[in-house]
Number of protein chains: 2
Amino acid sequence: MTDSINFHNATAEDILSLDKIRATLQRMEDTIVFRLIERTQFAYNRRMYEDGAFPELRDKEHWTGSWLAWNLKEVESSHAKLGRWTAPDEYPFTSLASLPAPILQPVDYPDLLHPHHVNVSQEVLRFYTEDIVPRIAARKDGVEDDRQYGSSAICDVEALSAINRRVHFGMFVSESKFRADPAAFVPRIRARDREALAGLITKPAVEAILLKRVAQKAEIYGQNLDQAHIVDERQRKIQSQEVVRLYKEFIVPLTKEVEVDYLLERYVRPTDAGSTG
Amino acid sequence: MTDSINFHNATAEDILSLDKIRATLQRMEDTIVFRLIERTQFAYNRRMYEDGAFPELRDKEHWTGSWLAWNLKEVESSHAKLGRWTAPDEYPFTSLASLPAPILQPVDYPDLLHPHHVNVSQEVLRFYTEDIVPRIAARKDGVEDDRQYGSSAICDVEALSAINRRVHFGMFVSESKFRADPAAFVPRIRARDREALAGLITKPAVEAILLKRVAQKAEIYGQNLDQAHIVDERQRKIQSQEVVRLYKEFIVPLTKEVEVDYLLERYVRPTDAGSTG
């Protein structure tokens, strides 16, 4: 199954087709649900998110930030060597200046997005660590720290990375819709009318379907198909309303913000303007 | 949901309870299925598995092995700092001597397994790259290389790591069954009778249920719940018979090998022997 866009083997027109973008966004839902489920195996472990809570990191790695931030930096450095952050749909949490250069020759990506400064990674990090983890990792037995900091961090890095890619993918939606109808967008961009721009890219019916579909995925992937050896543990791996809440309260509104921010920064050619008459 | 054993907060008796081990093994099935599904997003990319196929790795990283092996080394180095390979249920593909020391104080794990040299990581690597990936990543359009080497390698590392942990977990099964009935095991260990030892730890009925459950998980998690924008792509994410085949032909027999190898190396105390009468 390859619903996802392959930036290596596609033209800009193919990548920016709204059908292809929607298929990719839907495939990302599965990844996000899978990764949240994996995180629920471990306790909240608040200590992981507090700056300086692991003196070993300061002593051995000169790191004064959080355990999670250090883990993000480690993984993102390794992925930087793979060239991950040169792809037009990938945004690291660590600042690019702290990451190493790619090993492979840079891929010649098609011309997709206009240059921009949109990056909401820190907002994603905030809502994930403050609003999502404490709820999905809440345990019946009340244990808030199980000392599984390595495993928890690995899951966090993967879940965060999937959510971050999803949110920033909104820029492809904006670019696709802009190209389809520049005349509708140009006057609103010039007027810096956020509300009107949001109106142009938002479809409440699509959003309602999205939330329904995400609920269904969480319901199905989150069920416990194991035998009930220990009756008390035969429960869902994740509550589907938590996944719906993640989308409804965080992913959808933040994606909209990304979409509008990108449009406001997007270069408007005289010909785009001209077409508004 | 926390079916999995937490080595940080449990006694040896708790960890070695057969119910707990079975629950952990079942939870691992979900992880394995999820990660195989993620890998199916990308083509086979045979080049990733061939030594020296990426000259950039040789030039910039002095690495003459494969792209996958380099990725494993990168990720496993980072996880070594997290202390992952000091846990009694974790085995890296990279040789331990090439990996850095942990940053955190070593965890004081309970006494579980006897010292042993069992490590079948290279067998896992072989069947995964030669028998599993070419089949699950086979595409209708016949594309065998999509150049998504970074993303494919990330998925491979995660799937391999889950499968490897599953296979080596067999040692806990052996240890648990040995402790429950040393008198049955000791004479067979002394006689180095592999077949009899395999008979003591194998339950065909449990295996049949396992394969049925794995088929069900692959069937349910591998369905495509997306809207059919592009009709031709509305297909399953993974064929469930491929996951069953992975378990039946590779994971189950290799786990059995691990279980017997461990028993043959296990230290037998005079009191264990005495209890055989």
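Residues numbered from 1 in each chain as written. Chains lettered and ligands numbered in written order. Predicted model: local features only at pLDDT ≥ 70, side-chain atom pairs only at ≥ 80, totals over all residues. Heavy atoms only, no water.

A word on the environment of Tyr49(A)
Residue and element names in this part refer to chain A. Selection rule: The secondary structure listing takes helices from DSSP runs of H or I that are at least 4 residues long and strands from runs of E that are at least 2 residues long, numbered from the N terminus. Contact criterion: two residues are considered in contact whenever any of their non-hydrogen atoms come within 4.5 Å of each other.
Mapped onto the elements of the fold, Tyr49 is located in the loop between helix 2 (18-39) and helix 3 (55-61). Residues Tyr49 and Asp131, spaced 82 residues apart in sequence, show a C-alpha to C-alpha distance of 12 Å. The contacts of Tyr49, once residues within four sequence positions are left out, are Arg39, Tyr44, Ser66, Leu68, Thr129, Val133 and Asp156.

Digging into helix 6 (residues 149-168) of chain B
Put simply, the test is: Expected helix span is taken as 1.5 Å per residue step, with the number of steps being one fewer than the number of residues. Categorising residues by exposure relies on relative accessible area from a 1.4 Å probe, with only protein chains included: less than 20% of the type maximum marks a residue as buried, more than 50% marks it as exposed, and the intermediate range marks it as partly exposed.
Taking 1.5 Å as the rise per residue, helix 6 of chain B with 20 residues should run 28 Å; its terminal C-alpha atoms sit 28 Å apart, in good agreement. Burial runs high along helix 6 of chain B: 19 of the 20 residues are buried.

A closer look at the relation of the copies chain B and chain A
Condition: A least-squares fit on C-alpha atoms brings the copies together, and the residues used are those whose pLDDT is at least 70 in both copies.
Superposing chain B onto chain A takes a rotation of 180° combined with a translation of 0.0 Å along the rotation axis, leaving an RMSD of 0.0 Å. The operation mapping one copy onto its partner corresponds to a two-fold rotation axis. Measuring from the rotation axis to each C-alpha of chain B, the shortest distance belongs to Tyr221(B), at 2.9 Å.

Some points on the packing of helix 7 (residues 170-180) of chain B against helix 8 (residues 182-190) of chain B
Each pair of packed helices can be summarised by the angle the axes make with each other and by the distance between the axes. Residue and element names in this part refer to chain B. Put simply, the rule is: Note on definitions: angles span 0 to 180 degrees between N-to-C directions of axes, and those axes are lines fitted to C-alpha atoms, for helices only across the stretch in contact. Any angle between 65 and 115 degrees counts as roughly perpendicular, while under 35 counts as roughly parallel, over 145 as roughly antiparallel, and the rest as oblique. Amino acids are sorted into nonpolar (Ala, Val, Leu, Ile, Met, Phe, Trp, Tyr, Cys and Pro), charged (Asp, Glu, Lys and Arg) and polar (every other residue, Gly among them).
In contact at an axis separation of 6 Å, helix 7 and helix 8 are set at 115° when each is read in the N-to-C sense. As far as their axial angle goes, helix 8 and helix 7 are roughly perpendicular. Between helix 7 and helix 8, the contacting residues are Lys177, Phe178, Arg179 and Ala180 on the first element and Pro182, Phe185, Val186 and Ile189 on the second. Partitioned by chemical class, the residues of the contact of helix 7 with helix 8 number six nonpolar, no polar and two charged.

Thoughts on the pattern of salt bridges
All names here are of chain B. We apply this condition: Here, a salt bridge means any Lys or Arg side-chain nitrogen found within 4 Å of an Asp or Glu carboxyl oxygen.
Per the stated rule, a full pass over the model turns up 52 salt bridges over all chains. Note that Glu175 is salt-bridged to Arg179, the shortest N-O span being 2.7 Å. Here Glu175 and its partner Arg179 are both found in helix 7, four residues apart, which amounts to about one turn of the helix. Looking at Glu175, the relative accessible area reads 0%, which means it is buried. A relative accessible area of 37% means that Arg179 is categorised as partly exposed. Arg245 is the salt-bridge partner of Glu249, the closest N and O atoms lying 3.7 Å from each other.

Here's the deal with the nonpolar core
Nonpolar side chains in soluble globular proteins generally cluster together in the buried interior. What counts here: For the purposes of this section, nonpolar cores are sets of buried Ala, Val, Leu, Ile, Met, Phe, Trp, Tyr and Cys residues that join through side-chain atoms within 4.5 Å.
Grouped together as the largest cluster of nonpolar side chains are 148 residues, with contacts concentrated most on Leu36(A), Trp67(A), Phe127(A), Leu36(B), Trp67(B) and Phe127(B). The residues contacting Leu36(A), other than those within four sequence positions of it, are Tyr128(A), Ile132(A), Ile136(A), Ala159(A), Ile238(A), Val243(A) and Leu246(A).

A look at the packing of aromatic side chains
Note the following rule: Stacked, edge-to-face and tilted labels apply to pairs of Phe, Tyr and Trp rings (six-membered ring for Trp) whose centres lie within 6.5 Å, assigned for plane angles under 30 degrees, over 60, and everything in between, in that order. Our definition puts a charge over a ring when NZ of Lys or CZ of Arg is within 6 Å of the ring centre and also within 35 degrees of the ring normal.
Under the counting rule described, the total for this entry stands at 20 aromatic pairs over all chains. On the basis of an interplanar angle of 40° and a centroid distance of 5.5 Å, the ring pair of Phe7(A) and Phe172(A) is categorised as tilted. Taken together, the residues span a long stretch of sequence, with Phe7(A) in the segment before helix 1 (12-15) and Phe172(A) in helix 7 (residues 170-180) at a distance of 165 residues. Taken together, a centroid distance of 5.1 Å and an interplanar angle of 85° make the contact between Phe54(A) and Tyr149(A) edge-to-face. Note that Phe54(A) is positioned in the loop between helix 2 and helix 3 and Tyr149(A) in helix 6 (residues 149-168), a separation of 95 residues in sequence. For Phe54(A), a relative accessible area of 3% gives the class buried. A network of ring pairs unites the aromatic residues Phe7(A), Tyr109(A), Phe169(A) and Phe172(A) as a single cluster. Sitting over the face of the ring of Phe178(A), Arg266(A) holds its NZ or CZ atom 3.8 Å from the ring centroid. In this structure, Arg47(B) packs its charged tip against the face of Phe54(B), placed 3.9 Å from the ring centre.

Here we look at the side chain of Arg266(B)
Residue and element names in this part refer to chain B. Basically, it comes down to this: Here a polar contact is recorded for every N or O atom pair within 3.5 Å, except that within protein the pair must consist of a potential hydrogen donor and a potential acceptor, and residues adjacent in sequence are included only if both atoms are side-chain atoms.
Along the chain, the position of Arg266 falls in the loop between helix 11 (240-265) and helix 12 (270-274). For Arg266, a relative accessible area of 5% gives the class buried. There is a polar contact of 2.8 Å between the side chain of Arg266 and the side chain of Glu175.

Considerations on the state of the cysteines
Here, disulfide denotes a covalent bond that connects the sulfur atoms of two cysteines. The criterion, for reference: Pairs of cysteine sulfur atoms within 2.5 Å are what we label disulfides.
By the definition in use, this model includes zero disulfides over all chains. A disulfide-free cysteine, Cys155(A) has its sulfur positioned 15 Å from the sulfur of Cys155(B), the nearest such atom.

A look at the environment of Arg236(B)
Residues and elements named next belong to chain B. By secondary structure assignment, the location of Arg236 is in the loop between helix 10 (204-221) and helix 11. Distance from Arg236 to Leu225, taken between C-alpha atoms, is 8.9 Å for residues 11 residues apart in sequence. A polar contact of 2.7 Å, which involves the side chain of Arg236, links it to the backbone oxygen of Ala218. Only 2.9 Å separates the side chain of Arg236 from the backbone oxygen of Ile238, close enough to count as a polar contact.

Comments concerning the side chain of Glu29(A)
Among the secondary structure elements, Glu29(A) is positioned in helix 2. The contact partners of Glu29(A), leaving out residues within four places of it in the chain, are Leu210(A), Arg213(A), Val214(A), Lys217(A), Tyr247(A) and Asp226(B).

Overview of helix 7 of chain B
For helix 7 of chain B, the tally of buried residues reaches nine of 11 residues, placing the bulk of the element in the interior. Residues of helix 7 of chain B that are buried include every one of Gly170(B), Met171(B), Phe172(B), Val173(B), Ser174(B), Glu175(B), Ser176(B), Lys177(B) and Phe178(B), and no others.

Description of the interface of chain B and chain A
Convention followed: For any pair of parts, buried area is found by adding up, for both, the accessible area (1.4 Å probe) each one loses once the two are put together.
With 67 residues of chain B in contact, the opposing surface of chain A contributes 66 residues. Summed over both sides, the interface between chain B and chain A buries roughly 6400 Å², with carbon and sulfur atoms accounting for 50% of that surface. The tally of links between chain B and chain A comes to 10 salt bridges. For Lys217(B), the salt bridge is made with Asp226(A), and the minimal N-O distance between the two is 2.5 Å. At the junction of chain B with chain A, the criterion picks out 14 residue pairs in polar contact (both at pLDDT 80 or more). Where the side of chain B that touches chain A is concerned, the elements lending two or more residues are helix 2 (18-39), helix 3 (55-61), helix 4 (67-81), helix 6 and helix 10 of chain B.

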